[in-house]
Amino acid sequence: MIRIARWFIFCLLSSSVLAASPEGVVAVSQPAAAAAGARILAQGGNAIDAAAAVQFALNVVEPQSSGIGGGGFMLVHLAKTGETFFVDSRERAPARARADMFAPDGLPMSFPLASTSGLAVGVPGTLLGVDTALHRWGTMKLAATLAPAIKLAEHGFRVNRFLADDIANDDGRTQIQPETAATFRPGGVPLAEGDWLVQPDLAKTLKLIAAKGPDAFYRGPIARAIVKAQQRGRSELGDAGKGRMTLADLAQYRVAIRRPLIGHYRGWTLAGMPPPSSGGLTLFEILKLLERFPLGDVAQGYGFGSPKTLHVMAEAMRLAFADRAVWIGDDDAAQVPQHALLNPEYLAARTALIKTDRRMDTPQAGALTPWGTPAAMRLKPARTRKESLHTTHFAIVDRWGNMVSYTTTIEYTWGSGITVPGYGFLLNNELTDFNFLPSADPAEGNPGANDVAPFKRPRSSMAPLLLLKDGKPVAAYGSPGGATIINSVLNVTLNLIDHGMTMQQAIDAPRLSVTNATGKMNCEGGQTFMQPAFSLVAQDALRTLGHTGLGEAGTDGCRETIGSVQAVVVDPATGTHGGAADPRREGTVIRVRH
Ligand code: GLU
């Protein structure tokens, strides 16, 4: 029996939900895509089969966030062996990519122009990633997992509030290219909530892939159409804005299967995403910097939302993001000092910079051997931009206990805004995650870890995570939100471990995020479900300490929306499975009884 409960959830480590045998559970940001995954579980498929169906369905019903024109990281935990893997289908730079391509005259291109140009399009990995996961661990054929998406594209679906909002507030991205405008603004009128959207070109593409497999995409007519589409630039950039991808780049795309980065926090174990994402490393660094503070202890002035807790969280974020800016990139192409960043001596020196009674000056990245300089490093100014709720995350556990936690993206909302003509899917703008200005500087000790290079993967923030207690998996979760992803996952982790919340409470609670060393804060509150909110008293205390980004004293500066966390949980005592989803979008949990 399939029971749909809209962001109504069964909590982490709660014994209130008991079932005769473990159920399958999917937690997705969009109900029709959640239903696609649930159907596969009901048909006897496992979590990997269901994940494939959810991804393809999301391409149809949440096309602004992810799809076959993009990439992502799929965490797969196998119940039988206890192993965890990451399927890395991150987009790669084409062979002709160069370090200075986003700054041809020595000045960085504007983000809005570069990110809506073919130059920003990385070689897409999602389809090959899903197909690889199915071959290794799935039980169903690719075509079977595509079936729900084909139906949704062919027969249509109801546009929800979030898709309608993203069309209405698109920064122009659905208006630049005619094919994208024709789909989402037919006759020049933006689709509204409740409108019915049919996507025949996309249905045709998915059917071709179902019939011929990934080769239909990476070679042949679709590949030719992709190459041609990414040759579109923006007139303001001239030829510099045109994409550099060739048919050979598509034919040579490779998925990587990676082992998790293992972290520890207060007796819990975390399996996180290694480079090319900063998701695991930066999250683990922040957690380690925070471990010496009794965050859960209200008697000592900590506890959820207290000024002391929020202050040390922000300071730890600033230190870790300073390191991230210099040291983390694709370590298949540049050496990332993974061990040095998590070395206990280094972390002890770093956390000693956090003072509870004052805000530190802008921290530098740590000087790390063997790559660092003995002197303090000079940070190149980081490119900052407003992070919106692009990308998507979903989580699945099947009746056998296999788990998937999958963050998947076309980068910015609407990606490059380029729909491949005749094939109905959007191309990513993932290459704008690289440094626009090359930062490699041997004299300074800067390795240029995230500078553009041929075949390299841009540094990501995506952080699909598995949380384990006593060696047993208890939760799998993650979030979209650009660099704020790391902090959304951090907030949820602290809420679970330090503040004793259930998974649903941990997701519903307001979040704090700082994504660079200078430390401008983003925080959220105000919405009725965010309880307890960050109080005005706490916000004023943060202002008094010197934190910025919260606006005028005495006012509520927590006005952001940060992340969209989906999770599945396993109660280690009972073996019960549950899920939790984020009310910030149309988060949906479906339980499948067998
Ligand atoms: N390009 C982003 C990253 O990999 C995608 C995630 C997001 O923006 O939410 O970090």
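For the structure given in this document, a descriptive report is provided here. (Residues numbered from 1 in each chain as written. Predicted model: local features only at pLDDT ≥ 70, side-chain atom pairs only at ≥ 80, totals over all residues. Heavy atoms only, no water.)

**Topic: the environment of G301**
Link 1 in the chain: Checked against the element boundaries, G301 lands in the loop between α12 (279-290) and α13 (307-327).
Link 2 in the chain: With a relative accessible area of 31%, G301 lands in the partly exposed category. (Helix = DSSP H or I, 4+ residues; strand = E, 2+ residues; numbered from the N terminus. Buried < 20%, exposed > 50% of the residue type's maximum accessible area, 1.4 Å probe, protein only.)

**Quick look at the site of the ligand**
Link 1 in the chain: Close contacts around the ligand come from 14 residues, with H390, E430, D433, S460 and G482 the closest.
Link 2 in the chain: Between T391 and the ligand, the recorded distance is 2.8 Å, taken from a side-chain N or O atom to an oxygen atom.
Link 3 in the chain: Bound to the protein, the ligand loses 98% of the 290 Å² it would expose on its own.
Link 4 in the chain: Grouping the amino acids of the shell around the ligand by side-chain chemistry returns 3 nonpolar, 7 polar and 4 charged. (Near = heavy atom within 4 Å. Polar contact = N/O pair within 3.5 Å; in protein donor to acceptor, adjacent residues only side chain to side chain. Areas by Shrake-Rupley, 256 points an atom, 1.4 Å probe, with all protein chains shown as cover. Nonpolar A, V, L, I, M, F, W, Y, C, P; charged D, E, K, R; others polar.)

**Here's the deal with the packing of α12 against helix α16 (residues 484-497)**
Link 1 in the chain: Where α12 contacts α16, the axes come no closer than 10 Å and their chain directions differ by 45°. As far as their axial angle goes, α16 and α12 are oblique. Seen from above, α12 lies across α16 with right-handed handedness. Residues G279, T282, L283, I286, L287 and L290 of α12 touch α16, and the partners they reach there are I486, N487, V489, L490, T493 and L494.
Link 2 in the chain: In terms of residue class, the contact of α12 with α16 is built from 8 nonpolar, 4 polar and no charged. (Axes fitted to C-alpha atoms, helices over the stretch in contact; angles between N-to-C directions. Parallel < 35°, antiparallel > 145°, perpendicular 65-115°, else oblique. Left-handed = near helix turned anticlockwise from the far one by under 90°. Contact = heavy atoms within 4.5 Å.)

**Examining the state of the cysteines**
Disulfide: a covalent bond connecting the sulfur atoms of a pair of cysteines.
Link 1 in the chain: Using the criterion set out here, one finds 1 disulfide in the structure.
Link 2 in the chain: Across the disulfide, C523 is cross-linked to C558 (sulfur-sulfur distance 2.0 Å). Note on the C523 and C558 pair: the S-S dihedral is about -90°, so by sign convention the disulfide is left-handed. Of the two residues, C523 is situated in strand β15 (residues 522-523) and C558 in the loop between α18 (536-545) and β16 (566-570); the sequence distance between them amounts to 35 residues. Grouping residues by exposure puts C523 and C558 together as buried. (Disulfide = S-S within 2.5 Å.)

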